[in-house]
Amino acid sequence: MPLMLIVLVLCALAFLVSNLVLAVRVWRMTELPRWRRMLPALLLCAALAASQTRAWGITAVAEAVAFPLNLATALLGIHETRRMRARRAAGPGRPEASAS
């Protein structure tokens, strides 16, 4: 197994684990509405299901859908965690804390 392939697999695994961590972190934010808490996890599940279509020989779905869904999961998770940190840093008495 070439070294470059091992590095590629490790990067893909790190990306998957970071997506999973972000999805769980957003899921645990009780201040958000339920649909916004579930969205990153649902996107991640859809991406994993699209990736699994390669096992049945349907590569077009995996090539077209899996990576954009994984990227959307990562970006949405990062966005929600940054918004939550900004709200908590603003404090309850300041007007920025209640702004969406």
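For the structure itself, look to the data block above.
As a starting point, this report considers the structure included with it.

The rules behind these values
Residues numbered from 1 in each chain as written. Predicted model: local features only at pLDDT ≥ 70, side-chain atom pairs only at ≥ 80, totals over all residues. Heavy atoms only, no water. Helix = DSSP H or I, 4+ residues; strand = E, 2+ residues; numbered from the N terminus. Buried < 20%, exposed > 50% of the residue type's maximum accessible area, 1.4 Å probe, protein only. Contact = heavy atoms within 4.5 Å. Areas by Shrake-Rupley, 256 points an atom, 1.4 Å probe, with all protein chains shown as cover. Lys, Arg positive; Asp, Glu negative; His and termini not counted. Charge placed at Lys NZ, Arg CZ, Asp CG, Glu CD. Axes fitted to C-alpha atoms, helices over the stretch in contact; angles between N-to-C directions. Parallel < 35°, antiparallel > 145°, perpendicular 65-115°, else oblique. Left-handed = near helix turned anticlockwise from the far one by under 90°. Nonpolar A, V, L, I, M, F, W, Y, C, P; charged D, E, K, R; others polar.

Quick look at the overall build of the protein chain now. Of the regular secondary structure elements, the protein chain holds three helices and zero strands. Listed by position from the N terminus, the elements making up the protein chain come as α-α-α. Here the C-alpha coordinates of the protein chain stretch approximately 55 × 30 × 20 Å along the principal axes. When the 100 residues of the protein chain are sorted by exposure, 27% land in the buried category. Intrachain contacts of the protein chain at a sequence separation of at least 6 include 55% that bridge at least 24 residues. As displayed, the protein chain offers around 7100 Å² of accessible surface, 70% of which is attributable to carbon and sulfur atoms. Taking the average place of the 12 positive charges on the side chains of the protein chain and the average place of its 4 negative ones, the gap between the two points comes to 5 Å.

A few words now on the environment of Gln 52. The residue Gln 52 is located in helix H2 (residues 34–52) in this model. Residue Gln 52 is classed as partly exposed on the basis of its relative accessible area of 47%.

Further remarks concern the side chain of Asn 19. Topologically, Asn 19 is positioned in helix H1 (residues 3–27). Contact partners of Asn 19, with chain neighbours within four places excluded, come to Leu 44, Asn 70, Thr 73 and Ala 74.

A separate point is the packing of H1 against helix H3 (residues 59–90). Where H1 meets H3, the axes come as close as 9 Å, and the angle between the chain directions of the two elements is 45°. The angle between H1 and H3 places the two elements in the oblique class. Seen from above, H1 lies across H3 with left-handed handedness. For the pair H1 and H3, contact is made by Phe 15, Asn 19, Leu 22, Arg 25 and Val 26 and by Asn 70, Leu 71, Thr 73, Ala 74, Gly 77, Ile 78, Glu 80, Thr 81 and Arg 85, respectively. A per-class count over the contact of H1 with H3 returns six nonpolar, five polar and three charged.

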